[in-house]
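Listed below, chain by chain, are the residues.
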Amino acid sequence: MPDESAADRLRLALDMYELGENMQRARLRRQHPQATATEIEAAVDQWLSSRSDAPIGDAAGRLSDRFS
């Protein structure tokens, strides 16, 4: 879209993030039908804070403790 503004791109990125989070929440509910809403939210938070495919980050370099 040639007329797409930075705000439009940011909005789209945030919408995609929200969609991904909702998809993960739905997957967790299917896998754990007896889980409470609190347990599902805790699992989503754990999923958001862990990177099993990139445990030390996406790039080479020194590790940051900024979000520890």
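Please read these numbers as outputs of a predicted model, since none were measured by experiment. (Residues numbered from 1 in each chain as written. Predicted model: local features only at pLDDT ≥ 70, side-chain atom pairs only at ≥ 80, totals over all residues. Heavy atoms only, no water.)

Q: Can you help me understand helix H1 (residues 6-31) in this one?
A: Along an α-helix, residues three or four positions apart point the same way, because every turn accommodates 3.6 residues. Between its first and last C-alpha, H1 extends 38 Å over 26 residues, near the 38 Å set by a 1.5 Å rise per residue. Glu-21, Gln-24, Arg-25 and Leu-28 are the residues of H1 that are buried. On its buried face, H1 sits against helix H2 (37-49). (Helix = DSSP H or I, 4+ residues; strand = E, 2+ residues; numbered from the N terminus. Expected span 1.5 Å × (residues − 1). Buried < 20%, exposed > 50% of the residue type's maximum accessible area, 1.4 Å probe, protein only. Contact = heavy atoms within 4.5 Å.)

Q: What should I look at first to understand the side chain of Glu-21 in this one?
A: Among the secondary structure elements, Glu-21 is positioned in helix H1. Ignoring any residue separated from it by four or fewer positions in sequence, one finds Glu-21 in contact with Val-44, Trp-47 and Leu-48.

Q: Could you clarify how one ought to interpret the packing of H1 against H2 in this entry?
A: Any two packed helices are characterised by how steeply their axes cross, that is the angle between the axes, and by the distance between the axes. At a minimum axis distance of 10 Å, the contact between H1 and H2 shows a crossing angle of 125 degrees. Our classification of the angle between H1 and H2 gives oblique. Along this stretch, H1 crosses H2, giving a crossing that reads as right-handed. Every residue of H2 that contacts H1 at Tyr-17, Gly-20, Glu-21, Gln-24, Arg-25, Leu-28 and Arg-29 is listed here: Ile-40, Glu-41, Ala-43, Val-44, Trp-47 and Leu-48. Its residues assigned to classes, the contact of H1 with H2 comprises seven nonpolar, two polar and four charged. (Axes fitted to C-alpha atoms, helices over the stretch in contact; angles between N-to-C directions. Parallel < 35°, antiparallel > 145°, perpendicular 65-115°, else oblique. Left-handed = near helix turned anticlockwise from the far one by under 90°. Nonpolar A, V, L, I, M, F, W, Y, C, P; charged D, E, K, R; others polar.)

Q: Just to check I follow, could you spell out the pattern of salt bridges for this structure?
A: A side chain of one charge can pair with a side chain of the opposite charge when the charged atoms of the two come close. A full pass over the atoms with the stated rule returns three salt bridges. The salt bridge involving Arg-25 is made with Glu-21; its shortest N-O contact spans 3.1 Å. You can see Arg-25 and its partner Glu-21 sitting in helix H1, four residues apart, about one turn around the helix. Like Arg-25, the residue Glu-21 is buried in the burial classification. The residue Glu-41 makes a salt bridge to Arg-25 at a minimum N-O spacing of 2.7 Å. Placement of Glu-41 in helix H2 and of Arg-25 in helix H1 is noted, with a sequence separation of 16 residues between them. Owing to a relative accessible area of 10%, Arg-25 belongs among the buried residues under this scheme. A single network of salt bridges, built from pairs that share partners, joins Glu-21, Arg-25 and Glu-41. (Salt bridge = Lys/Arg side-chain N within 4 Å of Asp/Glu carboxyl O.)

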